[in-house]
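Summary of the model geometry
Read off the chains here:
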Amino acid sequence: YNASWNKQEDDESFLIPPTGIPGDTRLSNNGVLQSKELAHYLLSLDTQPDLVVSSPYYRCVETAYNVTKLLDVPLYTDRGLGEWFDYNSTTTKTSVLGETSLGRKDVHPPSDVETLNKLFKNTIKKTWEDCVDPYSKEVIERKGETQQEMYERTRQFLQLLVRQVDREMPDAEAILLVTHAPIKISLGLNLLGFKDIKEVTGNEENTLIRSGCCSLDKYELEDSMVTTTSTNTTSTPLLNSAWRITM
């Protein structure tokens, strides 16, 4: 629950993005409480994450930071989990003459690890390489990704995730990804085997993934194990395995 949604915050300076990036808001007081409740809930589970990989936007890092403090696990950021700027989205201005379109929203890439570590006490590990960077010059200039491009972005992220985890923590069995609602949904649909976002659009029976504030889904392999020893970047052990959603 980010601060820009809570108009009851007493201090207006609370709404100023700590990173200086437009729209990169912090959590509201309620959002901080939610993140700490999430951390305690994860601590109560039989299987806890061995590491946390977060979107580098402030509100996600703030959530992940509160989780890793309690669970005492490493925190990484990856731009591949970053916010989706919808190519088809437009901003509007309301006046006495009605609503006027102002064109597509600008893309504001997230902060780098060095900047975030100044805000989060050098908690974020610097050895992680982004699985994918969706904020290319082309995307910034044309102001966003299409829905299908976002879906392919998350698929590419999952293709390269295992290689990164194998390098950082080869014995890891559970990973917590902290991200934004559209990315969370897209990651889940990729794991569940959907090849195209259009496969599920409008199909209520396949609406399995929650996307409310601080919502949590858990995916488990149908098989007892998956081989992740390949260093071939075209290998997709996560996506070639049978997953089921269990939470």
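Description of the structure in this document. (Residues numbered from 1 in each chain as written. Predicted model: local features only at pLDDT ≥ 70, side-chain atom pairs only at ≥ 80, totals over all residues. Heavy atoms only, no water.)

With respect to the pairing of strand E1 (residues 51–54)
- Side chains Leu51 and Val53 of E1 all project onto a buried face; the interleaved residues Val52 and Ser54 project onto the opposite face, where all are buried too.
- Sheet analysis places E1 next to strand E5 (residues 175–178), joined by 4 bridges and oriented parallel. Across the sheet, the residue bridging to Val52 is Leu176, located in E5.
- In the sheet, E1 pairs with strand E2 (residues 75–77) via 3 bridges, with the strands oriented parallel. When the sheet's bridge partners are listed, Val52 is paired in E2 with Leu75.
- The β-α-β motif built from E1, the intervening helix H2 (residues 58–71) and the parallel element E2 has right-handed crossover chirality. (Buried < 20%, exposed > 50% of the residue type's maximum accessible area, 1.4 Å probe, protein only. Helix = DSSP H or I, 4+ residues; strand = E, 2+ residues; numbered from the N terminus. Pairing = 2+ DSSP bridges. Right-handed = clockwise from strand over helix to strand, strands pointing away.)

Quick notes on helix H1 (residues 29–44)
- Between its first and last C-alpha atoms H1 spans 23 Å; for 16 residues at 1.5 Å apiece the expected length is 22 Å, and the two agree.
- For H1, the full list of buried residues reads Gly31, Val32, Gln34, Ser35, Leu38, Ala39 and Leu42. Projected down its long axis, H1 shows its buried positions confined to an angular sector of 160°, all on one face. (Expected span 1.5 Å × (residues − 1). Arc of directions from axis to C-beta.)

Thoughts on the side chain of Arg155
- Tracing the backbone shows Arg155 in helix H5 (residues 147–168).
- Buried and without a salt bridge, Arg155 has Glu152 as its closest oppositely charged side chain, separated by 4.9 Å. (Lys, Arg positive; Asp, Glu negative; His and termini not counted. Salt bridge = Lys/Arg side-chain N within 4 Å of Asp/Glu carboxyl O.)

Considering the side chain of Asn66
- Along the polypeptide, Asn66 turns up in helix H2.
- On the basis of relative accessibility, which here comes to 10%, the residue Asn66 falls in the buried class.
- Not counting residues up to four positions away in its chain, the partners in contact with Asn66 are Val32, Ser35, Lys36 and Ala39. (Contact = heavy atoms within 4.5 Å.)

Points about the nonpolar core
- Of all hydrophobic cores here, the largest spans 27 residues; its most connected members are Trp128, Phe157, Leu158 and Leu161.
- Listed by contribution, the elements that provide at least two residues to this core are E1, H5 and helix H6 (181–191).
- Tallying contributions element by element places H5 first for this core, with 8 residues.
- The contact partners of Leu158, leaving out residues within four places of it in the chain, are Leu187, Asn190, Leu191, Leu238 and Leu239.
- Membership of the second largest hydrophobic core comes to 20 residues, among which are Ala64, Leu71, Leu75 and Val178. (Core = buried A, V, L, I, M, F, W, Y, C linked by side-chain atoms within 4.5 Å.)

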